[in-house]
Amino acid sequence: MRKPLPQTGADWTELKSVMADYATGDARWREGKTAVYVFNAGPEIERVQKEAYALFQSENGLGPAAFPSLKRMEEEVVGFGLSLLHGPEEACGVTTSGGTDSITMAVKAARDHARKVRGVAGPLNMVLPRSAHLAFDKAAALMEIEVRRIPLAGYLADPAAMAAAADDHTVMIVGSAPSFPYGLIDPIGALSDLALARDLWLHVDACVGGYIAPFVRMNGADIPPFDFELPGVRSMSADLHKYGYAAKGASTVFFRSAELMKLMTFDFRDWPGGRMITPTLAGTRPGGAISAAWAVMNVLGVAGYREKQGQVVAAREAIEAGVRKLGFEVLGRPQLGITAFAHPEADAVALWTKLHERGWFTSLTTEPKSLHLMLSPFHATVTDVYLADLAWALGEVRGKAAPAGAEVRYS
Ligand SMILES: *Cc1c(COP(=O)(O)O)cnc(C)c1O
């Protein structure tokens, strides 16, 4: 891994071309060929992200007293999120570096709630549907919490089975809105009932849905209640850098009350550096991530988001109609931007590999093996290209055995 730092600095203009050269092997997301990792809301939004990020890239959200600008923008961003997700008057939240940060901090608050408020001693556990994001396992690993992943019913969380798995040592139960592997919204209403009946902490992971579902509902879809509207929901995660179309490094974590959020905040003074209060895992908090999220949200507004999210849904519907014509089965009934589909006569990994030959970088669901797409507004313009390439790929691999040992890894 060692590489000596150049003895003398290089010319920036030349370096820019070196960087462009490094990027030639990257996924071609600006052409709409990537349906994972990047949320492409078009060049106008990309420009706003960049300019707004640059304006505050040196400022630090760790210092709200030094940078009241960032504090104000963060409060407004959190306020937008809470109003979209039916936060009650006492609800609050903060911006974080991403979904994993938001989830980790919600788990930390729930863990402290179990220990300090409910007085739970001994081992702790967390009850998740099998489709929940691995960020919960990462947080559980850090905090030595046992994870109980419960089998799904029809690709959705099974509230009865989760009820049976929860006990007095359960710090949190989780529902996703939607889950990453299937793009389906778990039965959050039933999980909320369970949480109220048993006094359990219900976290709704709306990392990939929190900033699309409200607008898809406004556009007329029958999205069931999934947020603070349900009284059993104590915390939520919603990523700005996904369907909020913010620059990367931005998410939100919300709590039903300031009392619950207080369990997350780290307030420390027993060192020579003086008192420091940090709400999230981070110390230094990049100002640009906050300013870019603020700018994009204000540039889009409700009308802009409704339009962009309408394009996402249109892309998903066009692709679902097309893949059904090719003989694929869509898993469940997706309503937002993610869809997964399998073909009875074609191996998904083999299809993925063929599509990759044509420049597509998409993802896979493994149970059952399926192609998986996380769509962006820009995809509405390339659905025909995708479907044509998929038809070609299907012709190539149909009826053939799955390639031996083939596995797609993301890192
Ligand atoms: C993306 C995602 C996360 C994790 O977010 P990161 O920003 O990648 O850390 C958590 N849950 C769901 C459902 C997600 O889609």
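In this text the structure is predicted, and so the values were computed from the model without any measurement. (Residues numbered from 1 in each chain as written. Predicted model: local features only at pLDDT ≥ 70, side-chain atom pairs only at ≥ 80, totals over all residues. Heavy atoms only, no water.)

A. Just helix H12 (residues 383–397), in detail. The terminal C-alpha atoms of H12 lie 21 Å apart, and with 15 residues this matches the ideal 21 Å at 1.5 Å per residue to within 8%. Those residues of H12 lying buried are Thr-383, Tyr-386, Leu-387, Asp-389, Leu-390, Ala-393, Leu-394 and Val-397. For H12, the buried positions fall inside an angular range of 165 degrees around the axis, keeping them on one side. Opposite its buried face, H12 presents the exposed residues Asp-384 and Gly-395, each directed more than 90 degrees away. For H12, the elements touching its buried residues are helix H10 (287–325), strand S11 (338–342), helix H11 (348–357) and strand S13 (369–374). Downstream of H12 by one or two residues, Gly-399 has phi in the positive range, about 75 degrees. (Helix = DSSP H or I, 4+ residues; strand = E, 2+ residues; numbered from the N terminus. Expected span 1.5 Å × (residues − 1). Buried < 20%, exposed > 50% of the residue type's maximum accessible area, 1.4 Å probe, protein only. Arc of directions from axis to C-beta. Contact = heavy atoms within 4.5 Å.)

B. Region of the structure containing the nonpolar core. Residues Phe-226, Tyr-245, Phe-341, Leu-371 and Tyr-386 are the most contacted members of the largest nonpolar core, which totals 88 residues. Among the elements that line this core, the one with the most residues is H10, at 13 residues. Each of domain 1 (51–296) and domain 2 (302–394) gives at least three residues to this core. The residues touching Leu-371, leaving out its near neighbours within four places in the chain, are Phe-328, Thr-339, Ala-340, Phe-341, Ala-348, Leu-351, Trp-352, Leu-355, Ser-363, Leu-364, Tyr-386 and Leu-390. Ala-106, Ala-110, Val-120 and Met-261 belong to the second-largest nonpolar core, a separate cluster that totals 31 residues. (Core = buried A, V, L, I, M, F, W, Y, C linked by side-chain atoms within 4.5 Å. Domains from an automatic or database assignment.)

C. View of the sheet that holds S13. One open sheet holds the four strands; their spatial order is S10-S11-S13-S12, and the pairing between them is antiparallel. The open sheet has two edge strands, strand S10 (329–330) and strand S12 (363–366), and neither has a second partner. When S10 meets S11, the two strands line up antiparallel, connected through two bridges. By the bridge assignment for S11, Val-330 is matched with Phe-341. (Pairing = 2+ DSSP bridges.)

D. Fine view of the sheet that holds strand S5 (residues 202–205). Strands sit in the order S1-S7-S6-S5-S4-S2-S3 across an open sheet of seven strands; the sheet is mixed. At either margin of the open sheet sits one strand with a lone partner, and together these are strand S1 (92–96) and strand S3 (146–150). Adjacent strand axes in the sheet meet at a mean angle of 20 degrees, parallel and antiparallel pairs treated alike. Bridge count between strand S4 (residues 170–176) and S5: four bridges; the pairing is parallel. (Axes fitted to C-alpha atoms, helices over the stretch in contact; angles between N-to-C directions.)

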